[in-house]
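# Examining the three-dimensional arrangement
As a plain string of letters, each chain reads:
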Amino acid sequence: MPTHRRLRPAALLRAAALVLLTALALTGLRAGPAAAADGDVSWTVRTAANAYGDNRSSFGYAVNPGGTVEDTMVVTNRGRTTLRLAVYASDGYTTDAGQLDLLTREKKSVGVGAWVHPRATSLTLAPGKSADVPFTVSVPRNATPGDHVGGLLTSLKQSDSAAGINVDRRLGVRVALRVGGELTPRLAVEDLHVDYDGTANPFAKGTATVTYTVRNTGNALLSARQDVSVQGPFGSLRTAADDLKDTPKLLPGERWTVKVPVHGVAPGVRLTATATLLPLLTDPSGSTTPLKPVEATAHTWAVPWIVVLLLLAVAATLFLVRRARARRKEREAARVQGAVERALQEAHRE
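Attention in this report is confined to the structure presented alongside it. Here the structure is a predicted model, which means the values were calculated and not measured. (Residues numbered from 1 in each chain as written. Predicted model: local features only at pLDDT ≥ 70, side-chain atom pairs only at ≥ 80, totals over all residues. Heavy atoms only, no water.)

### Description of a nonpolar patch on the surface
Side chains of Ile306, Leu309, Leu310 and Leu312 sit close together on the surface and give an oily, nonpolar patch of about 380 Å² of accessible area. Residue position: isoleucine 306 is located in helix H3 (residues 305-349). Of the residues examined, isoleucine 306 reaches a relative accessible area of 36% and is grouped as partly exposed. (Patch = residues over 30% accessible without salt bridge, like charges linked within 9 Å, V, L, I, M, F, W, Y side chains within 5 Å. Areas by Shrake-Rupley, 256 points an atom, 1.4 Å probe, with all protein chains shown as cover. Salt bridge = Lys/Arg side-chain N within 4 Å of Asp/Glu carboxyl O. Helix = DSSP H or I, 4+ residues; strand = E, 2+ residues; numbered from the N terminus. Buried < 20%, exposed > 50% of the residue type's maximum accessible area, 1.4 Å probe, protein only.)

### Some details on the side chain of threonine 213
Mapping threonine 213 onto the fold places it in strand E13 (residues 206-216). What threonine 213 contacts, discounting residues up to four positions off in sequence, is Ala188, Val189, Glu190, Asp191, Arg255, Trp256 and Thr257. (Contact = heavy atoms within 4.5 Å.)

### Concerning the side chain of threonine 274
Relative to the assigned elements, threonine 274 resides in strand E17 (residues 269-282). Accessibility expressed as a relative area gives 11% for threonine 274, which makes it buried. Setting aside its immediate chain neighbours within four residues, threonine 274 contacts Asp227, Val228, Ser229, Glu295, Ala296 and Thr297.

### A few points about the packing of aromatic side chains
With the rule as written, the count across this model stands at three aromatic pairs. A centroid spacing of 6.5 Å and a plane angle of 15° characterise the contact between phenylalanine 59 and tyrosine 61, whose relative ring orientation is stacked. Each member of the pair, phenylalanine 59 as well as tyrosine 61, is classed as buried. Where phenylalanine 59 meets phenylalanine 135, the ring centres are 4.9 Å apart and the plane angle is 75°; that geometry is what we call edge-to-face. On the criterion of sequence distance, the pair formed by phenylalanine 59 in strand E3 (residues 59-63) and phenylalanine 135 in strand E9 (residues 130-138) is long-range, its members being 76 residues apart. As far as burial versus exposure is concerned, phenylalanine 59 and phenylalanine 135 are alike and both buried. Ring-pair connections join several aromatic residues into one group, and the members of that group are Tyr52, Phe59, Tyr61 and Phe135. Taking the ring centre of tryptophan 301 as reference, the NZ or CZ of arginine 270 above it sits at 4.5 Å. (Phe/Tyr/Trp six-rings, centres within 6.5 Å; stacked < 30°, edge-to-face > 60°. Lys NZ or Arg CZ within 6 Å of the ring centre and 35° of its normal.)

### Regarding unusual backbone geometry
For leucine 237, which is not a glycine, the phi torsion comes out positive at approximately 55°. Among the structural elements, leucine 237 can be located in the loop between strand E14 (222-231) and strand E15 (239-240). Given a relative accessible area of 51%, leucine 237 falls into the exposed group. With a phi angle near 55°, aspartate 243 is a residue other than glycine that sits in the positive phi range. Checked against the element boundaries, aspartate 243 lands in the loop between E15 and strand E16 (255-265).

### With respect to the pairing of strand E11 (residues 165-179)
Among the 15 residues that make up E11, twelve are buried, leaving the element largely enclosed by the rest of the structure. Two elements, E3 and E11, share five bridges in a ladder whose sense is parallel. Its bridge partner lying in E11, alanine 62 is registered against arginine 178. By the bridge criterion, 15 bridges tie strand E10 (residues 146-160) to E11 in an arrangement that is antiparallel. Looking at E11, one finds that glycine 150 is bridged to valine 175. (Pairing = 2+ DSSP bridges.)

### Some words on the sheet that holds E16
Pairing within the open sheet is antiparallel, and its three strands lie in the order E12-E13-E16. The sheet terminates laterally at strand E12 (187-197) and E16, the two strands that pair on one side only. Each strand of the sheet is rotated relative to its neighbour by a mean of 20°, with strand direction disregarded. When E13 meets E16, the two strands line up antiparallel, connected through ten bridges. Of the residues in E16, the one forming a bridge with threonine 207 is histidine 263. (Axes fitted to C-alpha atoms, helices over the stretch in contact; angles between N-to-C directions.)

### Description of a positive patch on the surface
A cluster of basic side chains, namely Arg322, Arg323, Arg325, Arg327, Arg328, Lys329 and Arg331, defines a positive patch on the protein surface. Relative to the helices and strands, arginine 327 resides in helix H3. We classify arginine 327 as partly exposed; its relative accessible area is 44%. (Lys, Arg positive; Asp, Glu negative; His and termini not counted. Charge placed at Lys NZ, Arg CZ, Asp CG, Glu CD.)

### Remarks on the nonpolar core
Counting residues in each nonpolar core, the largest one holds 30 residues, and the members touching the most others are Tyr61, Val75 and Leu177. A per-element tally of this core places E11 first, with five residues. Contacts of valine 75, omitting those with residues within four sequence positions, involve Trp43, Thr44, Val45, Leu85, Leu123, Leu125, Lys129, Ser130, Ala131, Val133 and Thr154. (Core = buried A, V, L, I, M, F, W, Y, C linked by side-chain atoms within 4.5 Å.)

### Focus on the layout of surface pockets
Empty space within the second largest pocket amounts to approximately 250 Å³. Every residue lining the second largest pocket is counted, 14 residues in all, and those nearest its centre are Gly111, Asp147, His148, Val149 and Pro252. Within the residue set of the lining of the second largest pocket, elements represented by two or more residues are strand E5 (83-94), helix H2 (112-115) and E10. Here the lining of the second largest pocket gets three residues from one element, more than from any other, and that element is E10. Residue classes in the lining of the second largest pocket are distributed as seven nonpolar, five polar and two charged. (1 Å grid on protein atoms, 1.4 Å probe; cavity = no way out; pocket = protein on both sides within 12 Å on 5 of 7 lines; lining within 4 Å. Points joined across faces, edges and corners; volume = space filled by probe spheres on them. Nonpolar A, V, L, I, M, F, W, Y, C, P; charged D, E, K, R; others polar.)

Take a look at the structure:
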């Protein structure tokens, strides 16, 4: 009968720290060493030197549907104890931090994770030893053309008796596939809106916050250079956001929400926010090509109410002055007319 231990607060904190360490080890997907907290376990992974290259940072292939590729990953135990590692492939995805991560082994992969087949699913390595892990990439005949990203992973599960949990340390090499067929790289700017935060000072400038979602609507891995600006009527008072970073590389179908503050925006009554993206296409070799920009706009009101009230007060004053002046003229004209009529009546009586 299974038993369950209650975790004390200190153990929970330690468990959280270990989980964090695990996550950090995953996000880089680099072929560096993975080390235990006590430094007693360490290993590295790298691409093998072969016909594909001698010093590759990742695996990258262009394969037609139905095609296969064979390659090798090299695993080295740099620790002082024997390692028993699990080996498997997994699909990639972009995290909220904009980094590539891989699905855990328990989650089902439908792309690269399902197409990459390591010859061995486990590996035992003595200290100081290296081993080749040959693998085959088998792309299905009905695979969608375009970019697919995942990774080939090594995994070491260790139990933490104090925390009462198992910690999964993973280290792998990225696998990028471009499946042959029509490549349709496209980005869209969706749900763009702008809010304006001004001040009571009619001569002070405020901050406009522009929010939008970048969606990869094509079938290629894309990042984008961003330009965001806010302007008044007829293109006046244009203000651009500073120091905008490129979006992360988004896989087909992925979204990335952007929130950009634009400082120093004059309250131009009716503001127009514009977000322009320059998509950057990344090929398997890692180089990028700029594509046709995409753009979206949104509007908001930024009424300088103090100025409006002052203008209304001036207009009301001018109206009252003109009306009083008109009334004086009417009274003077009536007075003159009366005097003329009285003079004519007196002349007529004489």
